[in-house]
Each structure stands twice: as structure tokens, then as C-alpha cells.
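A structural walkthrough
Chain by chain, the residues:
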Amino acid sequence: MPDPTSSIDTRIEQVNQRLKAARLGVQIERRSQKLSLRATLPPRPGSDRLRPYQQRLSLNLPATTAGLKQAEQEAKILAAHLLQKTFDWRPYLGRGSGVRFSSADLIQRIQAFEQDFFHQPRRRKQTASATTTWETAYAPYLRKLLGTVEANPQFTLEEAIHATVRSIDETARSRQVCCTAFRALGNFLKLDLTIDFKALAGSYGPTATQARELPSEELILETFEKISHPAWRFVYGVMATYGLRNHEVFFCDYSALEQATPQPTLRVLSTSKTGSHEVWPFYPEWVDRFELRQICLPEIETDLQRTTLQRVGQYVTVQFRRYGLPFSPYDLRHAWAVRTIHLGLPDTIAARMMGHSVAIHTRTYHQWMTHRDQQRAVDAALSRIGYSQTST
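Because the structure is predicted, anything quoted here is derived from the model rather than measured.

The subject of this paragraph is the sheet that holds strand 3 (residues 53–62). The three strands lie next to each other as 1-2-3, forming an open sheet whose pairing is antiparallel. Each of the sheet's edge strands pairs with one partner strand only, and the pair in question is strand 1 (26–31) and strand 3. Each neighbouring strand pair of the sheet contributes to a mean axis angle of 30°, computed without reference to strand direction. Bridge count for strand 2 (residues 34–41) against strand 3 is eight bridges, and the pairing is antiparallel. Looking at strand 3, one finds that threonine 40 is bridged to glutamine 54.

So, in C-alpha cells, the structure goes:
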């Protein structure tokens, strides 16, 4: 059975060829089952841009033969306005993405969005993880959006989203997270947003992690002695030896530590952020150096019916500050990862132990992986000509 979208895409391409041949500077795009125009347009009302740039205009027309015919006419009209310098945003902001919500209306829609978020099948099975995701990756930015709407009631929702995102440092990861949250909100509300979230997300990248100054092994060992409380010494030692996330320390099977095995493994439980996974110690001798066979966890609330993974993790951060430790808990995790790289552990295995994808592992630790791989290539090349470090 032929794909109907393939047929309409072919017709869109034919129309765009005609528009291009006429040098109109406007193209038609299909976004899901709707048609939009794309052209170099003046900045939207409320934007801090000063010069025209490539933007989309929602037509709210169906991706059908009839809709395409009307879209071609709209493209010609738009081109004429641009040529005559009479373009006005108002007729277009009145469509799909140009709706205005009062703060009260938007609160109701966000509440409905939250209910839908938690009722997704994959999240019903992992309520603790879903709660943490909502509280860290959605709720803060939705509250920020509400603040923008309250302060600027003249804004359309799309303008408010633009303003909210642009209030965040473009080099911060939080700007990317914010864009993800707003894209999901727009999809839930069935708004045909013309925002290019990929371009708006900023320039955060792996270099931010690469710039982190990680503690040396000597410093990790020295810092352990600064912690007087046995339970928090245990938490510190586990994180240093196994590279766990803050909250994972409290959701582990420690039974292997009670055995006399030289390399006791820990199993992070399925209640953690990324599900169950097994971790090996690096270095194995640190198990005894940090006295980890004497399992001693702090007494904190870990019932996920009454707390969240995020709050559990925050206890660890607070204690690091309390004891004046010279680095953050996550620095121990990053140091563990880099240690496995230097020791030659395959990236796929290390990523699995850390509970994240190989892609994230590679992106986060790219700097050290690149050096390791280059050194291996150099060593292999030199070995082929019989070179050794003792050669003269």
C-alpha cells in the first residue's frame, strides 16, 4: 500500500522547485500532518533579535493536495509582502502557536500536562524515576514560563516560551533541558509551534565536562580522612570505589561486600534513576582501604512514597559541604570513569556499569578517550619498528 505522506512530499518538492525558480525566497514544509512556510523574516514581536533570520510560519493547513494548493498561494503572498517591505506578524501570530493564555489558564494546562506525564505507561512502572525527572527537568522551567506569562500578559505563548528560554545562559545544559520541556508541552497542547528548538537550545556541549578539574587519587585518599562520621565515610568510599551517583549509594545490594571475594561487585537496584546494573570496584584494594566491608549507611528517608531520588541525592551533597570537602560528589564519579579509561576498560562495559548509554559515555569523557586511543595508536606504530623506551 503506497505511503500517502510520500506522495504529498513529492508534490511539496515540486511546488518548492517552482518557488525557487521564481526566486521568491519562500519554501513550504510539512510538519507532521500540517504545512508551514519557511523564509527569512523580521524578528518576532518580543524577540531580542535585531536582524531578519530564517523562521517558520504556521499555516494550520492540512498536508493534502488542497492544503498544498492554498499553501502555495500563501507563499506567493508572503513573498510579495517581503518584497514590498509590508510584512506584518499579526495575521500569523493569530494561528495555532500564537494563542495567548492567562496565567490561570496556563496553570490548568500545565496541571493536565503533569497528569499525562505520569500516566505514560513507561513512567507508571518507574514512579521514583518519573518523579525525579519531573521535578528536575520539567517543573522548574514550567514555573519560569508561568512567571514570564504573568509579567508579560501581552505575549503569545510562543513569545513567552522564546523569552523564557533566552533568559537562560546559552552555554548552560539547563537551556537544553528547558527546550525539551517546552517542546513536550507544545506537543501535549497540540500547538503548531514554529520555534526551532535545536537552534534555540544554545551551545552547551561536552567541553563543559572536559573542563572539570578532577581530584587525583592521592587527594581522594587524603580527603577520606576528613570525614569523621562512619556512615558518611562509607558513602564517600563507595562513591570513590564504584563511581555511583549520589542516590544510588542508598539503593544497592551490598551482599557481595560481606563475602571474602577480592573484587566484590555491587548491584544498583531497579529503583534507581537508570534501573538495575552491576558495578565492579576500581581499584579493588580500595574496598578494604575505605573499610567498605563494614556496611554502614546513614539513616535517612529512602521510602520513595515519601521522598524522591533527587532529595536522597541532595543529602550527600549537603554532607560533602558540611565536611568541607574540596570537590563535589559527582567529581568522584567522573574520576572513577576516567580511571577505567586509563586502565583500558572497554567503553561499552564502563558505560553499562555507570548506568548510561555508550553515546553519553563517549560524549562526556571524549577528551580522555581520545588521548587514550591516540596513545595506543602511537605505541602500536612504534612497536612495529622495534622501538622501546630504552632505545637510544
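Once that is clear, we can look at the packing of helix 8 (residues 157–166) against helix 9 (residues 173–188). Any two packed helices are characterised by how steeply their axes cross, that is the angle between the axes, and by the distance between the axes. At a minimum axis distance of 10 Å, the contact between helix 8 and helix 9 shows a crossing angle of 160°. By the angle class used here, helix 8 and helix 9 are roughly antiparallel. Every pair of crossing elements has a handedness; the one defined by helix 8 and helix 9 is right-handed. Across from Ile161, Thr164, Val165 and Arg166 in helix 8, the residues of helix 9 making contact are Arg175, Cys178, Cys179 and Phe182. Considered class by class, the residues forming the contact of helix 8 with helix 9 number five nonpolar, one polar and two charged.

As for its position among the elements, asparagine 16 is in helix 1 (residues 4–21). When near neighbours in sequence (up to four residues on either side) are disregarded, asparagine 16 contacts Gln27 and Ile28.

Moving on, we get to the pattern of salt bridges. Per the counting criterion, the structure on display carries 13 salt bridges. Ionic pairing is found between glutamate 135 and arginine 311, a salt bridge with its closest N-O pair at 3.8 Å. Remark: arginine 311 occurs in helix 15 (residues 309–322) and glutamate 135 occurs in helix 6 (residues 127–137); sequence separation between them is 176 residues. Residue classification places glutamate 135 among the partly exposed residues on the basis of a relative accessible area of 27%. What makes arginine 311 partly exposed here is its relative accessible area of 39%. Across the pair glutamate 225 and arginine 289 runs a salt bridge, and its minimum N-O distance is 3.4 Å.

With that settled, the discussion passes to the nonpolar core. Grouped together as the largest cluster of nonpolar side chains are 49 residues, with contacts concentrated most on Tyr236, Val238, Tyr242, Leu244 and Phe250. Residue assignment for this core shows that the elements contributing at least two residues are helix 12 (217–224), helix 13 (230–242), strand 5 (266–268), helix 14 (286–289), helix 15, helix 16 (329–342), helix 17 (347–354) and helix 19 (366–384). When residues in this core are grouped by element, the largest group, eight residues, is from helix 13. Ignoring anything within four residues of it in the chain, the contact list for phenylalanine 250 reads Trp232, Val235, Leu297, Pro298, Ile300, Thr302, Val312 and Val316.

The next thing to look at is the packing of aromatic side chains. This structure, assessed with the given rule, holds 18 aromatic pairs. Between tryptophan 134 and tyrosine 138, the ring centres sit 5.5 Å apart and the planes meet at 5°, which makes this aromatic pair stacked. In this pair, the class of tryptophan 134 matches that of tyrosine 138, namely buried. Taken together, Phe224, Tyr236, Tyr283, Trp286, Phe290, Phe320 and Phe327 form an aromatic cluster joined through their ring pairs.

Pairing between sheet strands relies on hydrogen bonds along the backbone, with the strands arranged either parallel or antiparallel. Pairing in this open sheet of three strands is antiparallel, and the strands run 4-5-6 from one edge to the other. Edge positions in the open sheet fall to strand 4 (252–253) and strand 6 (277–279), since each of these has one partner strand only.

To continue, consider unusual backbone geometry. A cis amide bond links phenylalanine 282 with the next residue in sequence, tyrosine 283, at an omega value of 10°. If you check the backbone angles, serine 32 has positive phi at about 60° while not being a glycine. With respect to the element layout, serine 32 can be found in the loop between strand 1 and strand 2. In this model, lysine 85 sits at a positive phi of 60°, which is unusual for a non-glycine residue. On the secondary structure map, lysine 85 appears in the loop between helix 2 (65–84) and helix 3 (90–93). Judged by relative accessible area, which is 76%, lysine 85 ranks as exposed.

Together, Val378, Leu382 and Ile385 make up a nonpolar patch on the protein surface, roughly 260 Å² of accessible area in all. With respect to the helices, strands and loops of the structure, valine 378 is situated in helix 19.

All right, on to the side chain of arginine 245 then. Here arginine 245 is to be found in the loop between helix 13 and strand 4. Here the side chain of arginine 245 touches glutamate 248 through a polar contact of 2.7 Å, side chain to side chain. A distance of 3.1 Å separates a polar atom in the side chain of arginine 245 from the backbone oxygen of methionine 354.

Thresholds, definitions, all that
Residues numbered from 1 in each chain as written. Predicted model: local features only at pLDDT ≥ 70, side-chain atom pairs only at ≥ 80, totals over all residues. Heavy atoms only, no water. Pairing = 2+ DSSP bridges. Helix = DSSP H or I, 4+ residues; strand = E, 2+ residues; numbered from the N terminus. Axes fitted to C-alpha atoms, helices over the stretch in contact; angles between N-to-C directions. Parallel < 35°, antiparallel > 145°, perpendicular 65-115°, else oblique. Left-handed = near helix turned anticlockwise from the far one by under 90°. Contact = heavy atoms within 4.5 Å. Nonpolar A, V, L, I, M, F, W, Y, C, P; charged D, E, K, R; others polar. Salt bridge = Lys/Arg side-chain N within 4 Å of Asp/Glu carboxyl O. Buried < 20%, exposed > 50% of the residue type's maximum accessible area, 1.4 Å probe, protein only. Core = buried A, V, L, I, M, F, W, Y, C linked by side-chain atoms within 4.5 Å. Phe/Tyr/Trp six-rings, centres within 6.5 Å; stacked < 30°, edge-to-face > 60°. Patch = residues over 30% accessible without salt bridge, like charges linked within 9 Å, V, L, I, M, F, W, Y side chains within 5 Å. Areas by Shrake-Rupley, 256 points an atom, 1.4 Å probe, with all protein chains shown as cover. Polar contact = N/O pair within 3.5 Å; in protein donor to acceptor, adjacent residues only side chain to side chain.

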